[in-house]
Amino acid sequence: MTPKTRDRWLTYLSVLALLGILLLAQEYADEYQVRILNMVAIYITLAVSYNLINGVTGQFSLEPNAFVALGAYTASLLTLTASEKEMSFIIDPCIWPLSVISIPFLPAVIIGGLIAAFFGFLMGFPVFRVRGDYLAIVTLGFGEVIRVVANNLQSVTNGPLGLKGIAPYTNLWWSWGLALITLFVINRLVKSSYGRALKAIRQNELAAESMGINAFRHKLLAFTLSAFFEGMAGALLAHLITTISPMLFTFFLTFNLLIIITIGGLGSITGSVLAAIAFAWGSELLRAVEEPMNILGLLTIPGIPGMRMVIFSIILIVVMLFARQGFMGRREFTWQWLFDRMHIKESGL
Amino acid sequence: MTFQLFIQQLINGISLGTLYGLIAIGYTMVYGILRLINFAHADVMMMSTYFAFFGISMFALPWWVAAIIAMILTALLGIMIDQGAYRPLRRAPRISALITAIGVSFLLENLGLVIFGSRPKAFFRPEIFRPVWQFGKIHVLSLSVYTIFITLILLVFVYIIIYRARIGMAMRAVSRDMQTVPLMGIDVNRVIAFTFGMGSALAAAGGILWAMKYPQIEPLMGIFPGLKAFVAAVLGGIGNVFGAVIGGFILGITEILLVAFFPELSGYRDAFAFLLLILVLLFRPTGIMGEELPE
């Protein structure tokens, strides 16, 4: 067996093992644990696709909240039934074609992703004429514009009230299915000639262009693809939490993803996955600091609401100051690496 | 719309524009020297309003004493942020400093939420800023007019510091060529610290006037003025101090007139600045007064 087939089988086996764990979780885990597992998968999808543009291509942008919002709103408007829409839209009735459409979940998710990708594609034209810090601020502005529009376009988004009563279709199979598909597609892309071109653009755009790489087209491709997956993740998110409003898609969302990909290591898919898991889990653990703590029934420490974000901000600054490479730097997990590590351990004994 | 109403809105627009301009100076000076978008600048401005608030309400200081103390404290805060968070990253890739700046911005906002609470606090509007002046049919809040004068006085100081003082000459030199300047015996780090201090103090002045204009403060109040001030800085040509002020005027006036002429678009007011930014970057990336910057 060549190492390549061995690695492929190991990957299949670990995916099977993951599915087994999910099956067990479906059966035995309580609602709260299932919710965290769902959030982990959505964070993985978001972080890996955000990392494609920020880490792999090196185009520092701050817009995922816009694409998540686009996907979430599109899919929710498509799955909500006509009567539910009539009930929610109390200030302005929903505009005509949307008010009667109601389609199944899967096409709604895909259309959500496509709408996000379409906007990503359109946005790419002005956005990639600028570089560096300007790119960051323009994409940040794009996110804000989408949010402001969602707040004001009463007859489509129901304004600040948002959408309620979205069917809770998202379960472990949907969320982890999307996470696995995202991982597969982006991993293959990064390893292909396109991926090498994207990395070349990150390292030195001028040099890449002089080697015949059309930097603009490659950036646009990466941006559109990451928008597509972020849109679908947004659709799943909406059908997980069942209520969405423009407040949900502020810069906070982007900031969380930024923490994940920088802690994981900009440019490393493995790093993004690990950091997404750590983040989703850690933010649940840190809930403790926001709730009153009782030590042995004697002493009660009052909880400090908002303390979690303070801690995350400090973590981000500390990582940037002292460990700029994050967990993984630009390295990736490989089976070979694992075998090498085990081998060293064996010979050490 | 009558001519009187137009003039009235124009004065409001100029007064808003001067505030954007005051905040934008801090962005543009830091960017000119470090090529860093100081995301925390807007939140430094927010902190200044709380300094002034506590000066007035807890220590019962006269408002102008509180304002001056707040400006000094804000300048110190700006310098501390630079020395603590940005200085270790001077030689790192620029993106690292940018991410750190976003982290500092979030830290200040969330510390604000934890310490001051998310409920807005009413800000004190001094007696002399309260009357509404009437010229014929034009009604103007005296604060709007005073804001323009205070800004002009501050701009004279800025001009003297940048173009007439030694430290200003050093600042201009550092923004031209950071590698050569230390060879001339200039302490670059001191120049950068001074830049942060000066930018933060001006942001404090802008922030306090802002808080008197919309007389309430809350920990997230800096976000939109900050983003718009940055747009103003880009509009005027980033790195150019007086360009930032002019960019602020343009943004403030167009924003107010847009809302005055098309009231139905007022909800989109916050999106307008970004559309303007995208247009400027597409057609004249160096801004109105900017020079060509080498990559």
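Residues numbered from 1 in each chain as written. Chains lettered and ligands numbered in written order. Predicted model: local features only at pLDDT ≥ 70, side-chain atom pairs only at ≥ 80, totals over all residues.

**A word on the overall build of chain B**
In step 1: Across its full length, chain B holds 10 helices and four strands.
In step 2: Listed by position from the N terminus, the elements making up chain B come as α-α-α-α-β-β-β-α-α-α-β-α-α-α.
In step 3: Computed over its C-alpha atoms, the radius of gyration of chain B comes to 19 Å, within 12% of the 19 Å expected for a compact globule of 295 residues.
In step 4: For chain B, the spread of C-alpha atoms along the three principal axes comes to 60 × 50 × 35 Å.
In step 5: Partitioning the contacts of chain B with sequence separation of at least 6, the portion at a separation of at least 24 is 77%. (Helix = DSSP H or I, 4+ residues; strand = E, 2+ residues; numbered from the N terminus. Rg over C-alpha atoms; globule rule 2.2 N^0.38 Å. Contact = placed C-beta atoms within 7 Å.)

**Quick word on the overall build of chain A**
In step 1: Broken down by element type, chain A carries 17 helices and two strands.
In step 2: Radius of gyration (C-alpha) of chain A: 21 Å, near the 20 Å computed for a compact globule of 349 residues.
In step 3: Dimensions along the principal axes, computed over C-alpha positions, put chain A at roughly 70 × 65 × 40 Å.
In step 4: Looking at chain A residue by residue over its 349 residues, the buried ones come to 44%.
In step 5: Long-range contacts, defined here as pairs at least 24 residues apart, represent 80% of the contacts in chain A between residues at least 6 apart. (Buried ≥ 20, exposed ≤ 12 C-beta atoms within 10 Å, placed from the backbone.)

**What about the interface of chain B and chain A?**
In step 1: Taken together, the contact pairs 30 residues of chain B with 32 residues of chain A.
In step 2: Those elements that place two or more of their residues in the side of chain B that touches chain A are α4 (94-116) and α10 (269-283) of chain B.
In step 3: If you tally residues by element for the side of chain B that touches chain A, the top one is α4(B), at 15 residues.
In step 4: In terms of residue class, the side of chain B that touches chain A is made up of 23 nonpolar, five polar and two charged. (Nonpolar A, V, L, I, M, F, W, Y, C, P; charged D, E, K, R; others polar.)

**What to know about the environment of A:Lys199**
In step 1: Among the structural elements, A:Lys199 can be located in helix α10 (residues 193-203).
In step 2: Classification of A:Lys199 as partly exposed rests on a count of 17 C-beta atoms within 10 Å.

**Side note on the packing of helix α2 (residues 31-56) of chain A against helix α9 (residues 172-191) of chain A**
Working note: a packed helix pair is described by the angle between its axes plus the distance between those axes.
Residue and element names in this part refer to chain A.
In step 1: At a minimum axis distance of 8 Å, the contact between α2 and α9 shows a crossing angle of 20°. Here α2 lies roughly parallel to α9, going by the angle between them. Our pair here, α2 against α9, has a crossing hand that is left-handed. For the pair α2 and α9, the contacting residues are Val34, Leu37, Asn38, Ala41, Ile42, Ile44, Thr45, Val48, Ser49, Leu52 and Val56 in the first and Leu172, Ser175, Trp176, Leu178, Ala179, Thr182, Leu183, Ile186 and Val190 in the second.
In step 2: Taken together, the residues of the contact of α2 with α9 break down into 15 nonpolar, five polar and no charged. (Axes fitted to C-alpha atoms, helices over the stretch in contact; angles between N-to-C directions. Parallel < 35°, antiparallel > 145°, perpendicular 65-115°, else oblique. Left-handed = near helix turned anticlockwise from the far one by under 90°.)

**Some points on the pairing of strand β3 (residues 138-141) of chain B**
All names here are of chain B.
In step 1: Both strand β2 (residues 132-135) and β3 contribute to a ladder of four bridges, which runs antiparallel. Within β3, the position partnered with glutamine 134 by the bridge is histidine 139.
In step 2: In textbook terms, the turn of a hairpin is the stretch between consecutive antiparallel strands, and for β2 and β3 this stretch comprises two residues, one of which, glycine 136, has a positive phi near 60°. (Pairing = 2+ DSSP bridges.)

**Quick word on the nonpolar core**
In step 1: Within the largest apolar cluster, 188 residues are counted, with the highest numbers of intra-cluster contacts made by A:Tyr43, A:Ala47, A:Ile260, A:Ala276, B:Val231 and B:Leu277.
In step 2: A total of 15 residues in this core trace back to one element, the largest contributor, which is helix α1 (residues 3-34) of chain B.
In step 3: Discounting residues that sit within four places of it in the chain, B:Val231 has contacts with B:Leu251, B:Ala273, B:Phe274, B:Leu276 and B:Leu277. (Core = buried A, V, L, I, M, F, W, Y, C linked by C-beta atoms within 7 Å.)

**Here we look at the packing of helix α13 (residues 251-264) of chain A against helix α14 (residues 269-285) of chain A**
Residue and element names in this part refer to chain A.
In step 1: Where α13 contacts α14, the two axes come as close as 7 Å, and the packing angle between them is 125°. What the angle tells us is that α13 and α14 run oblique. As for the relative orientation of α13 and α14, their crossing is right-handed in sense. Where α13 abuts α14, its residues Asn256, Ile259, Ile260, Ile261, Ile263 and Gly264 lie against Gly271, Ser272, Leu274, Ala275, Ala276 and Phe279.
In step 2: Of the residues that constitute the contact of α13 with α14, the class distribution is eight nonpolar, four polar and no charged.

**Thoughts on the environment of A:Met309**
In step 1: With respect to the secondary-structure elements, A:Met309 resides in helix α16 (residues 307-322).
In step 2: Apart from residues no more than four positions distant in its own chain, A:Met309 is found in contact with B:Phe106 and B:Asn110.

**So, unusual backbone geometry**
In step 1: At A:Thr242, a residue that is not glycine, the phi angle is positive and equals roughly 65°.
In step 2: Position of A:Thr242 relative to the elements: it lies in the loop between α12 (215-241) and α13.
In step 3: With a phi close to 50°, B:Ala60 is a non-glycine residue in the positive phi region.
In step 4: Within the secondary structure layout, B:Ala60 lies in the loop between α2 (41-57) and α3 (63-86).

**Points about the confidence of the model for chain B**
In step 1: Mean pLDDT for chain B: 88, with 98% of residues reaching 70 or above.
In step 2: The ipTM for the predicted assembly is 0.86, set against a pTM of 0.89. (pLDDT = per-residue confidence, 0-100.)

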